[in-house]
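Summary of structural features
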Amino acid sequence: MWDCCTYKSGRSGYMHHKDDDDGNWSCDFKMDGDKGEAKGKVGDQVMQNPQALAALQDRLDSMPHGPSIMETLPKAVKRRVNALKNLQVKSAHIEAKFYEEVHELERKYAALYQPLFDKRKEVVCGAVEPTDEECEWQSDHEEEELSEEMKSKATMEEKKEGDAAEENPKGIPEFWLTIFRSVDMLSDMLQEHDEPILKHLQDIKVLFSEPNQPMSFTLEFHFESNNFFNNTVLTKKYKMKSEPDVEDPFSFEGPEIIDCEGCEIDWKKGKDVTVKTIKKKQKHKGRGTVRTVTKQVPNDSFFNFFNPIKVSSDGELDEDSEFTLATDFEIGHFFRERIVPRAVLYFTGEALEDDESFEEEELDEGEEEDQDEDADEDDDEEGESDTKGGDPQPAECKQQ
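First things first, this report covers the structure right here in the doc. Please read these numbers as outputs of a predicted model, since none were measured by experiment.

A short note on the overall build of the chain
- Helix and strand counts for the chain come out as 12 helices and eight strands.
- Looking at the chain residue by residue over its 400 residues, the buried ones come to 26%.
- By sequence separation, contacts in the chain at least 24 residues apart represent 58% of the contacts at least 6 residues apart.
- Total accessible area on the chain stands at roughly 28300 Å², and carbon and sulfur atoms take up 48% of it.

The following block contains the structure:
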């Protein structure tokens, strides 16, 4: 699926898109805090390495420190450049309209996908048993078809195994929980006490906003009846906008998530995994007696996902809250663009293999460039050592 969205939270966080060879888009999130930490490490290395410090100083000395290009232009040319910038602002507003239409197109095709996703849910939950024809799948690695005799033998063996089995599992047990365990982004949120609850997760849906409504999408997590909460559906809504910033219109790169809303989970008594009870001893200052009090404190859990940080009206957040919210936006995007449309491939691990292959390909290219640079440096060092070693220079290299 094509992702056209940029996800931002305040001025300290931003997302970059990368397009792989398959046309898939991915997002890299960066924070000012990360940049500050990286700069600090680089600074320490430079201060400990005189050669690096000297090289940095030479580079700084060679950098131009003159006025900006606009300051050097004649007044008449400045006027024309300002006219071009006004044209660029108009272009940004047209681009915003383009993305609004893309959102409508996504909404239209979501309705076409939904019957397939509904059938997926029925199979996962065991409500429908697919036909033999629907279950036929020829692996890409099998080049030759089994003979009729082998097929018949395999069918008989399967029947024997089925008869010997104590029970026939309903549907595909732990389908979504398996996905949560497999995907790093989700497994990092998953706690041991979450797993018994997620065994009851039957489906995840993506709903797009209706026409002429503010741009948004909602994740719906559908659960069967369970002993943990009374809800049958938990929701997470992501609000978006597709319009250039009035103060910085040139920063517009597409729709951005600006806020999200969770839902209240109606936990059954003693089953709320998002809090834990701790005991604390208190000593009376006057009498010296000690008493034990209990109180509830927040607990790590995937289900905190449904209670996101609230964005204030002025949009100001501290660095930790901003990072948490931006990570939330990225997870919502990942559910929408990857997990829901390709769930079976994340269940089998095939989607994970594709992701890893792409990352390894990028790494190999980077390593190759590093090796080339190292080879160039080695050549330079060899040339220098030859000269310093006093070996006679080739005739064409001697000064005339």
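And the narrative resumes.
A look at a negative patch on the surface
- A surface patch of negative charge is lined by Glu129, Asp132, Glu133 and Glu136.
- Locating Glu129 in the fold gives a position in the loop between α4 (75–125) and α5 (132–135).
- Overall, Glu129 belongs to the exposed group, its relative accessible area being 69%.

Things to note about the pattern of salt bridges
- With the rule as written, the count across this model stands at 12 salt bridges.
- Here Lys199 ties to Glu174 by a salt bridge, and the two come within 3.6 Å at their closest N and O atoms. Here Glu174 lies in the loop between α6 (148–164) and α7 (175–182) and Lys199 lies in the loop between α9 (195–198) and β3 (201–208), a separation of 25 residues in the sequence.
- Two residues, Arg336 and Glu337, come together in a salt bridge whose shortest N-O distance is 3.1 Å. Accessibility classification places Arg336 together with Glu337 in one group, the buried group.

Focus on the packing of aromatic side chains
- The final tally for this structure, using the stated rule, is 25 aromatic pairs.
- Measuring from centroid to centroid gives 5.5 Å for Phe229 and Trp267, while their planes differ by 80°, and the two rings are edge-to-face. Highlighted residues: Phe229 in the loop between β4 (216–223) and β5 (233–241) and Trp267 in the loop between β6 (256–261) and β7 (275–283), separated in sequence by 38 residues. Take Phe229 and Trp267: they sit in the same class, and that class is buried.
- Against the face of Phe305 rests Lys236, its NZ or CZ located 3.4 Å from the ring centre.
- One cation-aromatic arrangement involves Arg336 over Phe217; the distance from NZ or CZ to the ring centre is 4.9 Å.

Considerations on the pairing of β4
- Of all eight residues making up β4, eight are buried, and the element is well covered by its neighbours.
- With seven bridges connecting them, β3 and β4 associate as antiparallel partners. Bridge pairing in β4 places Asp203 opposite His222.
- Sheet topology places β4 next to β5; seven bridges connect them, and they run antiparallel. Of the residues in β5, the one forming a bridge with Leu219 is Lys236.

Remarks on the nonpolar core
- Counting residues in each nonpolar core, the largest one holds 46 residues, and the members touching the most others are Phe180, Phe221, Phe303, Phe305 and Phe335.
- The dominant element in this core, judged by the number of residues it contributes, is helix α10 (residues 319–339), at six residues.
- Setting aside anything within four residues of it in sequence, one finds Phe335 in contact with Phe180, Leu186, Ile204, Leu219, Phe221, Phe305, Val340 and Pro341.

Some points on unusual backbone geometry
- Phi at Glu174 is positive, roughly 55°, even though this residue is not glycine.
- Using a relative accessible area of 28% as the deciding quantity, one classes Glu174 as partly exposed.
- Phi angles above zero are rare outside glycine, and Asn212 is one such case at about 65°.
- Turning to its location among the elements, Asn212 is positioned in the loop between β3 and β4.

Some remarks on a nonpolar patch on the surface
- A grouping of Leu105, Tyr109, Leu112, Tyr113 and Leu116 is seen on the molecular surface, where their side chains present a nonpolar patch of about 520 Å² in accessible area.
- Relative to the assigned elements, Leu112 resides in helix α4.
- Look at Leu112 and you get exposed, because its relative accessible area is 54%.

Side note on α10
- In this model α10 runs 28 Å from its N-terminal to its C-terminal C-alpha over 21 residues, within 8% of the 30 Å that 1.5 Å per residue would give.
- Judged by how many residues are buried, α10 sits mostly within the fold: 16 of 21 residues are covered.

A closer look at the sheet that holds β3
- Taken in spatial order, the four strands of this open sheet run β3-β4-β5-β6, and their pairing is antiparallel. Each edge of the open sheet is held by one strand with a lone partner, namely β3 and β6. Strand after strand, the sheet turns through a mean of 20° between neighbouring axes, direction not considered.
- Docked against the sheet, α7 engages β3 and β4, running at close to 75° with respect to β3.
- Where α10 meets the sheet, it contacts β3, β4, β5 and β6, and its direction lies at approximately 75° from that of β4.

Some remarks on the environment of Lys281
- One can find Lys281 in strand β7.
- In this structure the C-alpha to C-alpha distance between Lys281 and Thr294, which are 13 residues apart in sequence, comes to 8.8 Å.
- Other than its neighbours up to four places away in sequence, Lys281 contacts Val290, Arg291 and Thr292.

Conventions we followed
Residues numbered from 1 in each chain as written. Predicted model: local features only at pLDDT ≥ 70, side-chain atom pairs only at ≥ 80, totals over all residues. Heavy atoms only, no water. Helix = DSSP H or I, 4+ residues; strand = E, 2+ residues; numbered from the N terminus. Buried < 20%, exposed > 50% of the residue type's maximum accessible area, 1.4 Å probe, protein only. Contact = heavy atoms within 4.5 Å. Areas by Shrake-Rupley, 256 points an atom, 1.4 Å probe, with all protein chains shown as cover. Patch = residues over 30% accessible without salt bridge, like charges linked within 9 Å, V, L, I, M, F, W, Y side chains within 5 Å. Salt bridge = Lys/Arg side-chain N within 4 Å of Asp/Glu carboxyl O. Lys, Arg positive; Asp, Glu negative; His and termini not counted. Charge placed at Lys NZ, Arg CZ, Asp CG, Glu CD. Phe/Tyr/Trp six-rings, centres within 6.5 Å; stacked < 30°, edge-to-face > 60°. Lys NZ or Arg CZ within 6 Å of the ring centre and 35° of its normal. Pairing = 2+ DSSP bridges. Core = buried A, V, L, I, M, F, W, Y, C linked by side-chain atoms within 4.5 Å. Expected span 1.5 Å × (residues − 1). Axes fitted to C-alpha atoms, helices over the stretch in contact; angles between N-to-C directions.

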